[in-house]
Amino acid sequence: MSAAASGAVKPLANYPDLKREGGLLFLSGMSARQADGTIAGAARASDGAETHDVAEQLRVILRKVGETLARNGGSFGDIVDVTVFLTDMRHYRAMNDEYNMWFAVDGPARTTVGVNELPHPDMVVELKVVARAPA
Ligand SMILES: O=C(O)C/C=C/C(=O)C(=O)O
């Protein structure tokens, strides 16, 4: 079932939340964007300073990944490849600490890259996931 049909967070343009090809599910890039458009793990102090919690953003993304897979008959254990996009490599260690709570060393292959920007200034991490498709 598509994100649009399920009431889940909808993609930002004309692409599906997931594409099945052969035996694999290719999930579109996922951020901590919530259904109301706000970005989880982002806060603004009274002095205007912005803070971004990469661990909280990653948690929200991984929950969304699990929900997307479940809607399509898959599960978290089917994930075979993860690409992590970080806007600031100073978040690398905190991202790893959270990541390690979700995956074991024999989990999916992973690649992390630093990027200049993501679609919203409050997004500090985005994931691209490939999973085995259900039979
Ligand atoms: O869906 C999001 O919240 C962020 C991800 C966007 C993309 O990866 C994209 O627009 O291609």
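The coordinates are above.
Residues numbered from 1 in each chain as written. Predicted model: local features only at pLDDT ≥ 70, side-chain atom pairs only at ≥ 80, totals over all residues. Heavy atoms only, no water.

Participant: When you look at the sheet that holds strand β2 (residues 24-27) in this model, what are you seeing that I'm missing?
Facilitator: Pairing between the strands of a sheet is mediated by backbone hydrogen bonds and can be parallel or antiparallel. Spatial ordering of the open sheet is given by β1-β2-β7-β5-β6, a layout of five strands whose pairing is mixed. For this open sheet the edge positions go to β1 (18-21) and β6 (109-114), each flanked by a neighbour on one side alone. Neighbouring strand axes in the sheet, compared pairwise and without regard to direction, differ in orientation by 15° on average. Bridging between β1 and β2 involves four bridges; their strand directions are antiparallel. In the strand pairing of β2, R20 is matched with L25. Relative to the sheet, helix α2 (residues 54-71) contacts β1, β2, β5 (79-86) and β7 (125-132), its axis offset from that of β7 by approximately 30°. In the packing of helix α3 (residues 92-102) onto the sheet, the strands contacted are β5 and β6, and the crossing angle to β6 comes to about 155°. (Pairing = 2+ DSSP bridges. Helix = DSSP H or I, 4+ residues; strand = E, 2+ residues; numbered from the N terminus. Axes fitted to C-alpha atoms, helices over the stretch in contact; angles between N-to-C directions. Contact = heavy atoms within 4.5 Å.)

Participant: Just to check I follow, could you spell out the site of the ligand for this structure?
Facilitator: L12, Y15, G29, S31, R33, P119, M123 and E126 make up every residue found near the ligand. Separating an oxygen atom of the ligand from a side-chain N or O atom of Y15 is a distance of 3.2 Å. Within the side chain of R33, one N or O atom sits 2.7 Å away from an oxygen atom of the ligand. (Near = heavy atom within 4 Å. Polar contact = N/O pair within 3.5 Å; in protein donor to acceptor, adjacent residues only side chain to side chain.)

Participant: Can you help me understand the packing of α2 against α3 in this one?
Facilitator: Each pair of packed helices can be summarised by the angle the axes make with each other and by the distance between the axes. One can describe the packing of α2 onto α3 by two numbers: an axis separation of 8 Å at closest approach and a directional angle of 35°. Both α2 and α3 take part in a crossing whose hand is right-handed. Here α2 contributes V54, A55, L58, R59, L62 and R63 to the contact with α3, which in turn contributes A94, M95, E98, Y99 and W102. When its residues are assigned to classes, the contact of α2 with α3 shows eight nonpolar, no polar and three charged. (Left-handed = near helix turned anticlockwise from the far one by under 90°. Nonpolar A, V, L, I, M, F, W, Y, C, P; charged D, E, K, R; others polar.)

Participant: Please explain the nonpolar core as it appears in this structure.
Facilitator: Soluble globular proteins tend to pack their nonpolar side chains together in the buried interior. With 29 residues, the main nonpolar core has L27, V65, I79, V125 and L127 as its most contacted residues. Elements that contribute at least two residues to this core include exactly β2, α2, β5, α3 and β7. Top element by residues in this core is α2. It accounts for seven residues. Filtering out sequence-adjacent residues up to four positions away, L127 remains in contact with S28, G29, M30, L58, I61, L62, V82, T83 and V84. (Core = buried A, V, L, I, M, F, W, Y, C linked by side-chain atoms within 4.5 Å. Buried < 20%, exposed > 50% of the residue type's maximum accessible area, 1.4 Å probe, protein only.)

Participant: How should I be thinking about the environment of V60 in this particular structure?
Facilitator: By the element assignment, V60 lies in helix α2. By relative accessible area, which is 9% here, V60 ends up buried. Separated by 38 residues in the primary sequence, V60 and E98 have C-alpha atoms spaced 11 Å apart. When sequence neighbours within four positions are dropped, the list of residues in contact with V60 reads A32 and A40.

Participant: Quick question: what am I supposed to make of α3 here?
Facilitator: For an α-helix the count is 3.6 residues per turn, leaving residues at separations of three or four pointing the same way. For α3, every residue scored as buried is listed here: M95, N96, E98 and Y99. In this fold, the buried residues of α3 make contact with α2, β5 and β6.

Participant: Would you mind going over α2 with me for this structure?
Facilitator: Compared with the 26 Å implied by 1.5 Å per residue over 18 residues, the 26 Å span of α2 between its first and last C-alpha is a close match. Buried within α2 are the following residues: V54, A55, Q57, L58, V60, I61, L62, K64, V65, T68 and L69. The N-terminus of α2 is capped by D53, whose side-chain oxygen sits 3.1 Å from the backbone nitrogen of A55. (Expected span 1.5 Å × (residues − 1).)

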